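Observations on the model geometry
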Amino acid sequence: MIPKGYQFQSKFGNERFAEGKAEGKAEGKAEGKAELLLKQLALKFGELPLEVFERLRSASDDELSAWAERVLTAASLDEVLR
């Protein structure tokens, strides 16, 4: 772990660190969105098939956002994940 406030001595090091930090934030955000959507789907439609878990974990951020909106009005799980 790099100490808080540490500055790399090279521009290259600073750029790589910033890229890694941004990628980690994006991955964490997507994982959190997928977990919340799984909870919403289970509350609305009951027990979920294993393939739904796999599909959500491999989905893009745009797909997760679209499904999160559809879960509010969809009548079926298929309608959410179309």
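Scroll up to find the structure.
So, a few notes on the structure that sits alongside this text. This one's a predicted model, so the numbers in the text were calculated from it and none came from an experiment.

About the cut-offs
- Residues numbered from 1 in each chain as written.
- Predicted model: local features only at pLDDT ≥ 70, side-chain atom pairs only at ≥ 80, totals over all residues.
- Heavy atoms only, no water.
- Helix = DSSP H or I, 4+ residues; strand = E, 2+ residues; numbered from the N terminus.
- Buried < 20%, exposed > 50% of the residue type's maximum accessible area, 1.4 Å probe, protein only.
- Contact = heavy atoms within 4.5 Å.
- Areas by Shrake-Rupley, 256 points an atom, 1.4 Å probe, with all protein chains shown as cover.
- Salt bridge = Lys/Arg side-chain N within 4 Å of Asp/Glu carboxyl O.
- Core = buried A, V, L, I, M, F, W, Y, C linked by side-chain atoms within 4.5 Å.

Structural notes on the overall build of the chain
Looking only at helices and strands, the chain features 4 helices and 0 strands. Counting from the amino terminus, the chain carries its helices and strands in the arrangement α-α-α-α. For the chain, buried positions account for 20% of its 82 residues. Of all intrachain contacts in the chain linking residues separated by at least 6 positions in sequence, the fraction that spans at least 24 positions is 48%. Taken as a whole, the chain presents about 6,300 Å² of accessible surface, with 55% of it coming from carbon and sulfur.

Notes on the pattern of salt bridges
All chains considered together, the criterion is met by 2 salt bridges. The partner of R57 in a salt bridge is E35, with the nearest N and O atoms 3.3 Å apart. Of this pair, R57 sits in helix α2 (residues 50–57) while E35 sits in helix α1 (residues 11–45), placing them 22 residues apart in sequence. Judged by its relative accessible area of 36%, E35 is partly exposed.

Structural notes on the environment of W67
By the secondary structure assignment, W67 is in helix α3 (residues 61–70). Owing to a relative accessible area of 3%, W67 belongs among the buried residues under this scheme. It is 9.1 Å that separates the C-alpha atoms of W67 and E79, two residues lying 12 residues apart in sequence. Setting aside anything within four residues of it in sequence, one finds W67 in contact with L37, R55, L56, A59, V80, L81 and R82.

Some remarks on the nonpolar core
One finds L41, V52, L56 and W67 to be the most contacted residues of the largest nonpolar core, which totals 15 residues. At the level of elements, α1, α2, α3 and α4 (77–80) are the ones that each hand at least two residues to this core. Looking at this core element by element, the count peaks at 4 residues for α1. When residues no more than four places from it in sequence are discounted, the contact partners of L56 are A34, L37, L38, L41, L64, W67 and L81.

Nothing here speaks to function; it is all geometry.
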